[in-house]
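Letter by letter, the chains look like this.
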Amino acid sequence: MKKLVFASAVAVASLGFIGTPALHAQAAGGSGISLPAAEYNAYQTATTQTNPQEKAAALESFLQTYPQSPVEKEVLDQLMDAYQQTGDFDKELSACNRMLKLDPNNLKAILYSVIIRKSQCSKTVGANGLASDTQPCDDGAAISQKGLSVAKPADVSDQDWKNETTLAYPYFHSMIALDDTASKKDYADAIKQYTQELMLVPAEETTKPGLELGDTLQLAEVYTRPEVRNLPSAVWFFARADDFAPPAYKKQIEPQLQYWYKRFHGGTDGLDAIETQAQSTVFPPATFKIAPAPTPADVADKVVAETPDLTKLNLEDKEYILANGSPADQQKLWSVLQGQVTPVPGIVTGVTSTGMTVHITIGAHIVHDYTVALTNPMPAKQIRAVPDDVQAAKQFIDQNGVPDDVAKVDHEFTLAGDHVRKVEIEPNASIIDMAVTQDAKQDNTPDFIVNLKKPADGKDVPTPGFQYSLLPQPELDATYSSYKPVPAANGKEASAQIVLTDGFIQVQPPKAPARRAPVRRRRSGE
């Protein structure tokens, strides 16, 4: 599931670090660093700019003109701030790197670098919580470790150092924790890092949209991992995140809170009291306990017995009963589901194609389209991976298409000869694998298999990680067909794989523009 960020960690304008020393023109004398008059005037002109873009350009010009200036460090300090204010994070990172070459222990440059790399890392994290590009995650964690070990400079007062580290250290622990989950899968250390982060800040800071509130939610999610699963702790931090999250995020947090609470307790009774309790303190008290449900089968039986209309259960509860309920409970639920149409909100984990669309460009502008059925179904990503090359595409079609359809493509190639300029292949979607429950999303494994009534093609073919929701967002609907319980094994809880048929994708059309009343023209004489 996509990670929630309550506020941009990169939007950290002046972070309150200690300022630069006083500078003076050589002719003026006085204390501080002395500069030749021309260099002093250039410094003053650059550092007194009020527009961040103009200031950054002036500071860069100063560094080019005076590459060995004794105030190079002070100029780079202001340059990092200027680029931070403009939002040009590539140039900000460049300024940080130059500062660290000059001053390897500069805490401000380390912090800015960590914030940027944390943003880069987060952008690559997929629905399974893992980064597709681990380099910015690993780099950010490495420099965070360095930041935590930097000693107080001799010319910085104890109070100033305390102010700086109070600001910087939470970011360092947060970055290391993100790397633990997204790259290294070291969930035990992630818990340690998030805990240290939250312990470093005043409790009221964890109630405001920003780093600490966002990481309260991340800590809750880590506690649900099978490797370190502690559901009472997860529930506590989900509850606290839900208590203080902006309204837009509550709709994403509350389903997780209820899901994991019911997983452990068997129902939602008592959850309101936990949410109230979690408002008062960051960490659960030593006396905090949640009564566990007797057994998964008992939980399922209780839900079936107490639910007047089983069709009104959400998909996660239905899957839980089909996975854990007694045969009688499973049959009672399935008897009212089979043949019924349902939305299937969740995350796409895979797409299977039984055909493909072939676009053949002849000359400059003529495009002929062909539908080619596959001899054997294959993942859509395998079709998308075909190189953008005429011969490679033609070879793929010949090897995988049914003979009659391949013959039509061959005929086009025979007629066009050397005039074929491009061959593009798009997969269709015949089967969409969906992760619906929190467990399935976490493991990136499908628990609902949707067979489409009519293959989707073009822009309607989803990619892994795409999320179907409910209208007005794109919605995937299908009819219950069959299910198969999957017993618990290898540390994973029991689940069920549910197969649906006659699937179709609904997309709400855009609203038509408002029609204006026609302008009434004046007639002659009016």
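Scroll up a little and you will see the structure.
Our subject in this report is the structure included herewith. (Residues numbered from 1 in each chain as written. Predicted model: local features only at pLDDT ≥ 70, side-chain atom pairs only at ≥ 80, totals over all residues. Heavy atoms only, no water.)

### Some thoughts on the packing of helix α5 (residues 107-123) against helix α6 (residues 135-149)
- Two elements in contact, α5 and α6, have axes whose closest approach is 8 Å; the angle formed by their N-to-C orientations is 155 degrees. As the angle between them shows, α5 and α6 are arranged roughly antiparallel. Crossing hand, α5 versus α6: left-handed. Contacts between α5 and α6 involve L107, I110, S113, V114, R117, Q120 and C121 from the first element and P136, C137, D139, G140, I143, S144, K146 and G147 from the second.
- Split into classes, the residues belonging to the contact of α5 with α6 amount to seven nonpolar, five polar and three charged. (Axes fitted to C-alpha atoms, helices over the stretch in contact; angles between N-to-C directions. Helix = DSSP H or I, 4+ residues; strand = E, 2+ residues; numbered from the N terminus. Parallel < 35°, antiparallel > 145°, perpendicular 65-115°, else oblique. Left-handed = near helix turned anticlockwise from the far one by under 90°. Contact = heavy atoms within 4.5 Å. Nonpolar A, V, L, I, M, F, W, Y, C, P; charged D, E, K, R; others polar.)

### Things to note about the pattern of salt bridges
- Within the structure shown, the criterion is met by 20 salt bridges.
- For the salt bridge of D158 with K152, the shortest nitrogen-to-oxygen distance reads 3.8 Å.
- For D158, a relative accessible area of 58% puts it in the exposed group.
- Under the relative-accessibility criterion, K152 is labelled partly exposed at 33%.
- Linked by salt bridges that have partners in common, R229, R263, D439 and E493 make up one network. (Salt bridge = Lys/Arg side-chain N within 4 Å of Asp/Glu carboxyl O. Buried < 20%, exposed > 50% of the residue type's maximum accessible area, 1.4 Å probe, protein only.)

### Quick word on the pairing of strand β7 (residues 429-435)
- Burial within β7 is extensive, with six of its seven residues counted as buried.
- As defined by bridge partners, strand β4 (residues 346-362) adjoins β7 across five bridges and the pair is classed as antiparallel. By the bridge assignment for β7, I347 is matched with A435.
- Strand direction decides the pairing type here: β7 and strand β8 (residues 448-456), joined by five bridges, are antiparallel. What sits directly across from I431, in β8, is N451. (Pairing = 2+ DSSP bridges.)

### Comments concerning unusual backbone geometry
- In this structure, the amide linkage connecting L471 to the following residue, P472, adopts the cis form with an omega of 15 degrees.
- Within the fold, P472 resides in the loop between β9 (467-468) and β10 (475-486).
- Positive phi is not limited to glycine here, since K185 has a value of about 55 degrees.
- Tracing the sequence through the fold places K185 in the loop between α7 (158-184) and α8 (187-200).

### Considering the state of the cysteines
- The final tally for this structure, using the stated rule, is one disulfide.
- Each disulfide pairs two cysteine sulfurs, and for C121 the partner residue is C137, the sulfurs being separated by 2.1 Å. Linking C121 and C137, the disulfide has an S-S dihedral of approximately 95 degrees and is accordingly described as right-handed. Of this pair, C121 sits in helix α5 while C137 is found in helix α6, placing the two residues 16 residues apart along the sequence. Pair check on accessibility: C121 and C137 agree, each one buried.
- Note on C96: no disulfide assigned, nearest cysteine sulfur contributed by C121 at a separation of 17 Å. (Disulfide = S-S within 2.5 Å.)

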